[in-house]
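# Structural characterization, general
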Amino acid sequence: MLNRRSLLAALAALPLAPALVRGARAAEPGVVRIGYQKNGILVVAKQQGIIEKRLEPLGQSVRWVEFSFGPPLLEALSLDGIDFGQTGDAPPIFAQAARANLVYAAAQEAGGSGAGILLPKASAIQSLAELKGKRVAFAKASSAHNLTIAALEKAGLSYADITPVTLAPADAAAAFARGSIDAWTIWDPYFAIAEQGEGVRVLARASDITPQNNYFLASRPFAETRAPVLQAVIDALGDVAAWCTQNRGAVADLLSQGTGVPLAATRRAVDRTDYVIGPMNDRVAAEQQRIADRFHALKLIPKPIRIADAVWTAPARNG
């Protein structure tokens, strides 16, 4: 079992990208720059070389760029540092509100369900309602930001009822370990690592609060000028997702090898992940619009946005 000190060490050991871009380069003909995080389908695809194999007949290669969480990844996308990547629900909303030229290429419904709100084991808090007046940490503009707000709504609280502490995952882990925050909203693999800590208690899980979808996003210029390449990437990821669903043990091994996250925590994350990838259907778009409207109502984004304006329509296939 992990204690709070070893929890902090485990989380801090995860390589993290700086605020903007790590390893991103200017666009090159024939290269697809893919941003990824320390979990999920893209890591499996990277380990297996599946996208590279699918793109080779198209004369395309892949450059992988690692990010610590969604907002920096989408900042890189908007600055032409990458062409494609995956995030949770909130980052593309904030990016679209900031006029990032992106499109939703595909969705992974319930793909972000491995998340929750953590407490120190000795905390007196027993319910979401008792978060009132507390210091709750999460990464700004991340899926944890949305999960925190949804949890407050579920408990009949408002965003003004807590003291938000916006921290990147590694910084939040440090704050949690030294007791300077009361609760921490976080996603896998950080959540899975923390769950194993003997000094940690789970207040609520995302699956009990709100749907949390993941999204595959592309820069609009990439989607418009290289649509067959983008479609090939999505097709390859669909194959990876199907394989993941049938081979969860092997997925955990690949993810652990590819990320350095302990195998036990990786297995925990994999077991609760839905790996199905599909297009941006009306249901998914409506849920994302609801989240966007929530952020605007709270004045967390400066203007209303329309998710439909950023949904990519794949070109018709021949035959």
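Residues numbered from 1 in each chain as written. Predicted model: local features only at pLDDT ≥ 70, side-chain atom pairs only at ≥ 80, totals over all residues. Heavy atoms only, no water.

### Side note on the overall build of the protein
On a plain count of helices and strands, the protein comes out with 13 helices and ten strands. Its C-alpha atoms give the protein a radius of gyration of 19 Å, within 12% of the compact-globule value 20 Å for 319 residues. Viewed in the frame of its principal axes, the protein has a C-alpha envelope of about 60 × 40 × 35 Å. Residue burial in the protein is summarised as follows: out of 319 residues, 55% are buried. Residue pairs in contact within the protein that sit at least 24 positions apart in sequence constitute 80% of those at least 6 positions apart. On the protein, roughly 13,100 Å² of surface is accessible, and the fraction owed to carbon and sulfur atoms is 51%. (Helix = DSSP H or I, 4+ residues; strand = E, 2+ residues; numbered from the N terminus. Rg over C-alpha atoms; globule rule 2.2 N^0.38 Å. Buried < 20%, exposed > 50% of the residue type's maximum accessible area, 1.4 Å probe, protein only. Contact = heavy atoms within 4.5 Å. Areas by Shrake-Rupley, 256 points an atom, 1.4 Å probe, with all protein chains shown as cover.)

### A word on the nonpolar core
In this structure, Ile-93, Leu-131 and Trp-184 are the most contacted members of the largest nonpolar core, which totals 67 residues. Here this core takes six residues from helix H6 (residues 143-154), the largest share from any one element. If near-sequence neighbours (up to four positions away) are discounted, Ile-93 is found in contact with Tyr-104, Gln-288, Ile-291, Ala-292, Phe-295, Ile-301, Ile-305 and Ile-307. Ranked by size, the runner-up nonpolar core spans 39 residues in total, among them Val-44, Val-229, Leu-237 and Val-270. (Core = buried A, V, L, I, M, F, W, Y, C linked by side-chain atoms within 4.5 Å.)

### Notes on the side chain of Thr-259
Here Thr-259 shows up in helix H11 (residues 248-259). A distance of 2.7 Å separates the side chain of Thr-259 from the backbone oxygen of Leu-255, its partner in a polar contact. A distance of 3.2 Å separates the side chain of Thr-259 from the backbone nitrogen of Val-261, its partner in a polar contact. (Polar contact = N/O pair within 3.5 Å; in protein donor to acceptor, adjacent residues only side chain to side chain.)

### Considerations on the domain arrangement of the protein
Domain parsing of the protein yields domain 1 (31-110 + 213-310) and domain 2 (115-208). Averaged C-alpha coordinates put domain 1 and domain 2 at centres separated by 24 Å. Taken together, the contact between domain 1 and domain 2 spans 23 residues of the former and 23 residues of the latter. A buried area of about 1,800 Å², summed over both sides, lies between domain 1 and domain 2, and 63% of it is on carbon and sulfur atoms. Contact with domain 2 buries surface across domain 1, with Phe-69, Arg-272 and Arg-294 losing the most and accounting together for 28% of the total. Our count for the contact surface shared by domain 1 and domain 2 stands at four salt bridges. (Domains from an automatic or database assignment. Buried area = accessible area lost by both parts, 1.4 Å probe. Salt bridge = Lys/Arg side-chain N within 4 Å of Asp/Glu carboxyl O.)

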